[in-house]
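Each chain, written out:
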Amino acid sequence: MIVGACEIECIIFECNSLKEKRHVIKSIIQRLQSRFNISIAEVGENDKWQRSIIGFSVVSNSNKHIDATIGSIINFIDNDERVEIININTDIY
């Protein structure tokens, strides 16, 4: 069993409150969960309304599959015009 874990730090545009931030982040998280069947949550910057850290994990028996899935998830988030990725940390165990 191989586990891939990733943290993505994002800037959220056009947010003026924590309520608006939660709406954007929950939308992204729900879409990623249903599309990629991953474990995902907001793991940092909970009190800042224009920043967020999203963490997710992927389990597989192949490094190639984990790399491909993480790459697809990063591209999916990067294509969302509401956020901009500023930092990515990936670990494979």
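A quick note: this is a predicted structure, and the numbers were derived from the prediction, not measured.

Visitor: Looking at this model, I keep getting lost on the nonpolar core. Mind explaining?
Guide: If you look at the biggest cluster of nonpolar residues, it comprises 24 residues, and the most contacted ones within it are Ile8, Leu32, Phe56 and Ile77. Those elements giving two or more residues to this core turn out to be strand E1 (2–12), helix H1 (18–36), strand E3 (51–60), helix H2 (63–78) and strand E4 (83–92). For this core, the element with the most residues is H2, which contributes six residues. Every residue in contact with phenylalanine 56, bar those within four places of it in the chain, is listed here: Gly4, Ala5, Cys6, Ile8, Ile38, Ser39, Ile40, Ile70 and Ile73.

Visitor: Quick question: what am I supposed to make of the sheet that holds E3 here?
Guide: Hydrogen bonds between backbone atoms are what pair the strands of a sheet, whose relative direction is either parallel or antiparallel. The strand order across the open sheet built from four strands is E2-E3-E1-E4, with neighbouring strands paired in antiparallel fashion. Of all strands in the sheet, those with a lone pairing partner are strand E2 (39–44) and E4, marking the two edges. Along the sheet, successive strands turn relative to each other by an average axial angle of 25°, direction set aside. As paired elements, E1 and E4 share nine bridges and run antiparallel to each other. Bridge pairing links glutamate 7 to asparagine 89 in E4. Those strands touched by H1 are E1, E2, E3 and E4, and its axis lies near 155° from that of E2.

Visitor: Where do I start with the pattern of salt bridges in this structure?
Guide: Tallied over the entire structure, the rule returns five salt bridges. The salt bridge involving lysine 21 is made with glutamate 42; its shortest N-O contact spans 2.8 Å. Placement of lysine 21 in helix H1 and of glutamate 42 in strand E2 is noted, with a sequence separation of 21 residues between them. A salt bridge links arginine 82 to aspartate 80; its shortest N-O distance comes to 2.8 Å. Through salt bridges with shared partners, a single network forms among Arg31, Asp80 and Arg82.

Visitor: Quick question: what am I supposed to make of unusual backbone geometry here?
Guide: A negative phi angle characterises most non-glycine residues, just as the trans form characterises most peptide bonds. Residues other than glycine seldom take positive phi values, yet asparagine 37 does so here, at roughly 55°. Tracing the backbone shows asparagine 37 in the loop between H1 and E2. For asparagine 37, a relative accessible area of 72% gives the class exposed. For glutamate 45, which is not glycine, the phi dihedral falls at a positive 60°.

What counts as what
Residues numbered from 1 in each chain as written. Predicted model: local features only at pLDDT ≥ 70, side-chain atom pairs only at ≥ 80, totals over all residues. Heavy atoms only, no water. Core = buried A, V, L, I, M, F, W, Y, C linked by side-chain atoms within 4.5 Å. Buried < 20%, exposed > 50% of the residue type's maximum accessible area, 1.4 Å probe, protein only. Helix = DSSP H or I, 4+ residues; strand = E, 2+ residues; numbered from the N terminus. Contact = heavy atoms within 4.5 Å. Pairing = 2+ DSSP bridges. Axes fitted to C-alpha atoms, helices over the stretch in contact; angles between N-to-C directions. Salt bridge = Lys/Arg side-chain N within 4 Å of Asp/Glu carboxyl O.

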